[in-house]
Amino acid sequence: MDVINPVMWSVHVGFAVLWVGSVLFVTLAVLPPALRGDIGTAALGSVVGRLRWITRIGALAFVLSGGHMAGTLYTFEALTGTPRGHLVLTMLGLWFVGTGLVEVAGSKLADGLDADKLREPARDAKPFLYGASAVSVGLILTAGLLASPGLV
């Protein structure tokens, strides 16, 4: 049991960094050229496809690693009755919302790209990617609070 906990923490944090970085990269570096029509549909489709796969594989990694950590570190009462537990539940809620926003944005982009359009699907996906980016920043802030000894 001494080995599994650090492995789970590493998997959890590693996928969190990958997912948050991917969402922010697509929103801040890929979406603007797509809105201007300065990126090819094939390139955008490839980036969006990878973001969706990172999101889906990350979901599995988060459920396994986060479920293990919650199950070994918290009781139901600790999750629902302590500030640290509330932060864990906040992270869970933010992650569900963020995943949903990425999936909606990815669908809007993929559908438009399949119709050989670029700017319109980028515009349609923009609020969802902005929302996912805001959620991902919220996740990082919440994780920082959890990692800070003595704050909660």
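Note that the coordinates shown come from a computational prediction; the quantities given were computed from them, not determined experimentally.

Peer 1: Help me understand the side chain of Ser22 in this model?
Peer 2: Assignment of secondary structure puts Ser22 in helix 1 (residues 4–36). Overall, Ser22 belongs to the buried group, its relative accessible area being 13%. Not counting chain neighbours up to four residues away, the residues in contact with Ser22 comprise Leu51 and Ile54.

Peer 1: Help me out: how do you make sense of the packing of helix 1 against helix 2 (residues 41–73) in this one?
Peer 2: Any two packed helices are characterised by the angle at which their axes cross and by the distance between the axes. Orientation of helix 1 relative to helix 2, taken along the N-to-C sense of each, is 150 degrees, at an axis distance of 8 Å. Comparing the axis directions of helix 1 and helix 2 gives the class roughly antiparallel. The crossing of helix 1 and helix 2 is left-handed. Classifying every residue of the contact of helix 1 with helix 2 gives 22 nonpolar, nine polar and no charged.

Peer 1: Looking at this structure, I do not really get the environment of Asp116. What am I missing?
Peer 2: Structurally, Asp116 can be placed in the loop between helix 4 (83–114) and helix 5 (119–147). When the C-alpha atoms of Asp116 and Ala42 are compared, they prove to be 9.3 Å apart, with 74 residues separating the residues in sequence.

Peer 1: I'm lost on the packing of helix 1 against helix 5 in this one. Help?
Peer 2: Interaxial distance between helix 1 and helix 5 falls to 9 Å at its minimum, and their mutual angle equals 155 degrees. In terms of orientation, helix 1 lies roughly antiparallel with respect to helix 5. Pair helix 1 / helix 5 crosses with left-handed handedness. Between helix 1 and helix 5, the contacting residues are Trp19, Val20, Val23, Leu24, Val26, Thr27, Leu31, Ala34, Leu35 and Arg36 on the first element and Arg119, Ala122, Arg123, Lys126, Leu129, Tyr130, Ala132, Ser133, Ser136, Val137, Leu139 and Ile140 on the second. Considered class by class, the residues forming the contact of helix 1 with helix 5 number 15 nonpolar, three polar and four charged.

Peer 1: Can you walk me through the UniProt feature "transmembrane region" (unreviewed entry) in the protein in this structure?
Peer 2: The UniProt record marks residues 12–32, 53–74, 86–106 and 127–147 with the feature "transmembrane region" (unreviewed entry), using the residue numbering of this structure. Secondary structure content for residues 53–74 is 95% helix and 0% strand, while the C-alpha to C-alpha distance between its ends is 30 Å. Taken end to end, residues 86–106 is 100% helix and 0% strand, and its two terminal C-alpha atoms sit 30 Å from one another.

Peer 1: I tried to follow the nonpolar core on my own but got confused; where do I start?
Peer 2: In terms of nonpolar packing, the biggest core is built from 26 residues, with Trp19, Leu44, Leu109 and Leu129 touching the most fellow members. Those elements that provide at least two residues to this core are helix 1, helix 2, helix 4 and helix 5. Per-element accounting of this core gives the leading share, seven residues, to helix 1. When sequence neighbours within four positions are dropped, the list of residues in contact with Leu129 reads Val26, Thr27, Leu31, Leu51, Ala105 and Leu109. Membership of the second largest hydrophobic core comes to six residues, among which are Ala78, Leu79, Leu87 and Leu146.

Peer 1: In this structure, what is going on with the packing of aromatic side chains? I would like to understand it.
Peer 2: Ring pairs (aromatic) are described by centroid distance and by the angle formed between their planes. Within this structure, the stated rule accounts for two aromatic pairs. Arranged with centres 4.9 Å apart and planes meeting at 45 degrees, the rings of Trp95 and Phe96 form a pair that is tilted. Judged by its relative accessible area of 53%, Phe96 is exposed. Among the aromatic residues, those joined into a ring-pair cluster are Phe62, Trp95 and Phe96. Positioned above the aromatic ring of Trp53, the side-chain terminus of Arg56 is 5.9 Å from the ring centre.

Scoring rules and cut-offs
- Residues numbered from 1 in each chain as written.
- Predicted model: local features only at pLDDT ≥ 70, side-chain atom pairs only at ≥ 80, totals over all residues.
- Heavy atoms only, no water.
- Helix = DSSP H or I, 4+ residues; strand = E, 2+ residues; numbered from the N terminus.
- Buried < 20%, exposed > 50% of the residue type's maximum accessible area, 1.4 Å probe, protein only.
- Contact = heavy atoms within 4.5 Å.
- Axes fitted to C-alpha atoms, helices over the stretch in contact; angles between N-to-C directions.
- Parallel < 35°, antiparallel > 145°, perpendicular 65-115°, else oblique.
- Left-handed = near helix turned anticlockwise from the far one by under 90°.
- Nonpolar A, V, L, I, M, F, W, Y, C, P; charged D, E, K, R; others polar.
- UniProt positions renumbered as here; feature names shortened; annotations may be inferred.
- Core = buried A, V, L, I, M, F, W, Y, C linked by side-chain atoms within 4.5 Å.
- Phe/Tyr/Trp six-rings, centres within 6.5 Å; stacked < 30°, edge-to-face > 60°.
- Lys NZ or Arg CZ within 6 Å of the ring centre and 35° of its normal.

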